[in-house]
Amino acid sequence: MNILIVGGAGYIGSHMVKLLSVAGHQVVVFDNLSKGYRDAVLEGEFIEGDLANLEQLERLFSSSRFDAVMHFASFIEVGESVRDPAKYYRNNFSNTQNLLDSMVAHDVGHFIFSSTAAIFGEPRYTPIDEVHAKSPINPYGRSKFMVEQMLEDYDKAHGLKSVCLRYFNAAGADVEGDLGERHNPETHLIPLVLQAASGRRDAIAIYGNDYDTADGTCVRDYIHVQDLCAAHLLALDSLRKTGNSNQFNLGNGLGFSVRQVIDCAREVTGREIKVVNEERRAGDPAVLVADAARAKTVLGWKPSLSSLEKIIETAWNWEQSFFSH
Ligand code: UFG
């Protein structure tokens with residue numbers, strides 16, 4: 001297949017490009033490099049471009065015939081989305097609409113969308129399955145949920161078939177050491193903990209130790225980036241076979257607290273990791289754990305790299321190899 005990867009120079013997108021090429025597909029990456037890195041695109045054709053630019057989009061879709069589109073190009077910082085909602089609605093929603101309109105105009109009928117656990121808001125029960133109420137509590141989550149709703153409407157009106165993949169906490173790095181997480185600024189727990197282990201930062205801050213959890217710190221469902229990518233490939237196969245749009249929650253179904261993550265990182269790295277306790281971060285639910293039964297049953301998805309040790313080990317290899325020179 002010839003697959004367009006929007007945002008293929010970013011963290012998850014770049015791992016996806018590698019997996020698709022290994023699986024024998026052709027890829028074209030379209031990325032404005034606002035967050036991604038040209039050297040993270042290891043395979044395929046690279047086109048620097050922006051979803052806000054309708055002329056670039058027209059040229060892109062006129063130049064190649066795509067069998068499917070995967071869309072990874074979004075802003076992801078919850079706090080920033082509260083301070084600057086326009087940035088999120090413009091990029092995550094309006095620019096996605098530009099992309100969908102180009103697909104409809106050029107008769108490209110299969111779309112895989114990177115959605116998020118943030119569409120659910122404060123959990124009403126746990127683990128969270130697909131039918132859980134969608135009640136996002138910040139502009140980031142709302143911008144993603146609005147795309148999910150737009151996709152339902154585009155399916156009805158134009159027959160555009162899509163799969164929404166709701167990631168819980170994407171983490172880890174390519175097991176062969178070719179790729180990893182390079183966010184700037186970094187806000188995610190595991191890379192920050194590993195920066196504290198390597199000495200690139202003094203300590204890791206724990207945001208809140210008075211949550212209603214076993215050790216008082218927030219519990220999250222960490223899922224290895226390559227397991228997430230494997231789910232995209234299965235979702236695409238299923239979409240092409242069944243022709244049915246669908247939504248899947250992607251996580252391990254296991255929760256680890258912030259303290260458990262730090263302890264595991266101490267074990268894996270053998271390093272001291274200094275901790276400082278800080279105030280709660282606004283908008284953090286106490287527990288976010290996925291019920292991924294639908295992805296397992298319908299797609300045959302089996303996460304295989306997702307023990308916390310493996311996630312941290314691959315992220316640590318990346319931290320040491322990439323950032324040590
Ligand atoms: N945390 C710390 N210290 C840090 C960084 C994070 O204690 O320095 C804590 C957070 O408070 C949270 C947990 O570690 O309890 C995980 O935080 P991350 O920022 O790594 O991840 P989030 O769970 O906040 O965010 C992830 C995705 C978002 C998505 C969100 C909800 O990265 O894109 O899940 O689905 F919106």
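Here the structure is a predicted model, which is why all the values come from computation and not from measurement. (Residues numbered from 1 in each chain as written. Predicted model: local features only at pLDDT ≥ 70, side-chain atom pairs only at ≥ 80, totals over all residues. Heavy atoms only, no water.)

A. Summary view of the overall build of the protein chain. Looking only at helices and strands, the protein chain has 10 helices and 14 strands in total. Relative to the 2.2 N^0.38 estimate, which gives 20 Å for 325 residues, the radius of gyration of the protein chain is 19 Å and therefore close to what a compact globule would have. The proportion of buried residues among the 325 residues of the protein chain is 53%. Residue pairs at least 24 apart in sequence account for 78% of intrachain contacts in the protein chain once pairs closer than 6 positions are excluded. Looking at the protein chain as shown, the accessible area adds up to about 14000 Å², and 47% of this sits on carbon and sulfur atoms. Once the 31 positive and 43 negative side-chain charges of the protein chain are each reduced to a mean point, those two points are 2 Å apart. (Helix = DSSP H or I, 4+ residues; strand = E, 2+ residues; numbered from the N terminus. Rg over C-alpha atoms; globule rule 2.2 N^0.38 Å. Buried < 20%, exposed > 50% of the residue type's maximum accessible area, 1.4 Å probe, protein only. Contact = heavy atoms within 4.5 Å. Areas by Shrake-Rupley, 256 points an atom, 1.4 Å probe, with all protein chains shown as cover. Lys, Arg positive; Asp, Glu negative; His and termini not counted. Charge placed at Lys NZ, Arg CZ, Asp CG, Glu CD.)

B. A look at the site of the ligand. Among the 22 residues in the neighbourhood of the ligand, the closest are listed as His188, Leu189, Ala205, Arg281 and Asp284. At a separation of 2.7 Å, an oxygen atom of the ligand approaches a polar side-chain atom of His188. Contact between the ligand and Asp284: an oxygen atom at 2.6 Å from a side-chain N or O atom of the residue. Against a free-state accessible area of 680 Å², the protein chains account for coverage of 91% of the ligand. The set of elements that each furnish at least two residues to the shell around the ligand consists of helix H6 (189-198) and strand S8 (204-207). For the shell around the ligand, the leading source of residues is S8, giving four residues. (Near = heavy atom within 4 Å. Polar contact = N/O pair within 3.5 Å; in protein donor to acceptor, adjacent residues only side chain to side chain.)

C. Molecular detail of the environment of Ala173. In this structure, Ala173 sits in the loop between strand S7 (169-171) and H6. Here Ala173 is in contact with His15, Leu179, Gly180, His224, Val225, Gln226, Thr314, Ala315 and Trp318, once residues within four sequence places are set aside.

D. Summary view of the side chain of His132. Residue placement: His132 occurs in the loop between strand S5 (110-116) and helix H5 (139-158). Here the side chain of His132 touches Arg124 through a polar contact of 2.8 Å, landing on its backbone nitrogen. Once you skip the residues sitting within four places of it in the chain, His132 turns out to touch Phe120, Glu122, Pro123, Arg124 and Tyr125.

E. Molecular detail of helix H4 (residues 85-105). The end-to-end C-alpha distance of H4, which contains 21 residues, comes to 29 Å, matching closely the 30 Å that a straight helix rising 1.5 Å per residue would cover. Where H4 is buried, its residues meet strand S1 (2-6), helix H2 (54-63), strand S4 (68-71), helix H3 (78-83), S5 and H5. Of the residues trailing H4, Asp107 is marked for its positive phi of about 60 degrees. (Expected span 1.5 Å × (residues − 1).)

F. How the structure looks around the sheet that holds S5. With respect to topology, seven strands assemble into an open sheet ordered S3-S2-S1-S4-S5-S6-S11, the strand pairing being parallel. Whereas interior strands pair on both sides, the edge strands pair on one side only; in this sheet they are strand S3 (45-48) and strand S11 (246-250). For this sheet the average axis-to-axis angle between neighbouring strands, irrespective of direction, equals 20 degrees. Direction of pairing for strand S2 (residues 26-31) relative to S3: parallel, over a ladder of four bridges. Bridge pairing links Val29 to Phe46 in S3. Running over the sheet, H2 touches S1, S2, S3 and S4 and is turned about 175 degrees from S2. (Pairing = 2+ DSSP bridges. Axes fitted to C-alpha atoms, helices over the stretch in contact; angles between N-to-C directions.)

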